[in-house]
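Residue-level listing of the chains:
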Amino acid sequence: MTTEHATLRDSLRQMLALLENERQALAALDLDSILSSSDGKLELCEAIERQAHGPLDEECRGLLDAVARLNAVNRKIRNLIAANVEARLGALAGRISLYGSGRPMVAREAPYTA
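1. Looking at the overall build of the protein
Then step 1. Looking only at helices and strands, one finds three helices and two strands in the protein.
Then step 2. The order of α-helices and β-strands along the protein, N terminus first, is α-α-α-β-β.
Then step 3. Burial analysis of the protein (114 residues in total) assigns 23% to the buried set.
Then step 4. Expressed as a percentage of contacts within the protein between residues at least 6 apart in sequence, the contacts between residues at least 24 apart total 70%.

In structure tokens, the structure reads:
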């Protein structure tokens, strides 16, 4: 085990822990923790890019795959939350947009028929 790979493994493990914390912050809608996680992810990505030289060993590849999967799950959760907020704000403003097609219709407008 080389020192470079050991440092990379540590950074990837830190990223996994950070992504897990981000998932919990998303579930709790804790904006401060979400923003903190975002900053931490950027810093860790820079560190990982500096440390990743040459071919990765099997453990590093496995950790990297786990990081990528957890980040994708968190991204989907963020997108669902954003879509929910957008729909709720649209409902409060009197806009109805079904499935994102066409122009939004204000509740007092008559439906368009061709």
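Here the narrative resumes.
2. Description of a negative patch on the surface
Then step 1. A contiguous patch of negative charge, built from D39, E43, E46 and E49, is present on the exposed surface.
Then step 2. By the secondary structure assignment, E49 is in helix α2 (residues 31-51).

3. Some thoughts on unusual backbone geometry
Then step 1. Even without being glycine, L29 reaches a positive phi, approximately 55°.
Then step 2. You can see L29 is positioned in the loop between α1 (3-28) and α2.

4. What about the nonpolar core?
Soluble globular proteins tend to pack their nonpolar side chains together in the buried interior.
Then step 1. Core analysis: the largest hydrophobic core is formed by eleven residues, namely L8, L12, M15, L18, L19, L44, I48, C60, L63, V67 and L70.
Then step 2. Of all the secondary-structure elements, those providing two or more residues to this core are α1, α2 and α3 (58-92).
Then step 3. A per-element tally of this core places α1 first, with five residues.
Then step 4. Among all residues touching L8, those that are not within four sequence positions of it are I48, Q51, A52, L56 and C60.

Basis of the calculations
Residues numbered from 1 in each chain as written. Predicted model: local features only at pLDDT ≥ 70, side-chain atom pairs only at ≥ 80, totals over all residues. Heavy atoms only, no water. Helix = DSSP H or I, 4+ residues; strand = E, 2+ residues; numbered from the N terminus. Buried < 20%, exposed > 50% of the residue type's maximum accessible area, 1.4 Å probe, protein only. Contact = heavy atoms within 4.5 Å. Patch = residues over 30% accessible without salt bridge, like charges linked within 9 Å, V, L, I, M, F, W, Y side chains within 5 Å. Areas by Shrake-Rupley, 256 points an atom, 1.4 Å probe, with all protein chains shown as cover. Salt bridge = Lys/Arg side-chain N within 4 Å of Asp/Glu carboxyl O. Lys, Arg positive; Asp, Glu negative; His and termini not counted. Charge placed at Lys NZ, Arg CZ, Asp CG, Glu CD. Core = buried A, V, L, I, M, F, W, Y, C linked by side-chain atoms within 4.5 Å.

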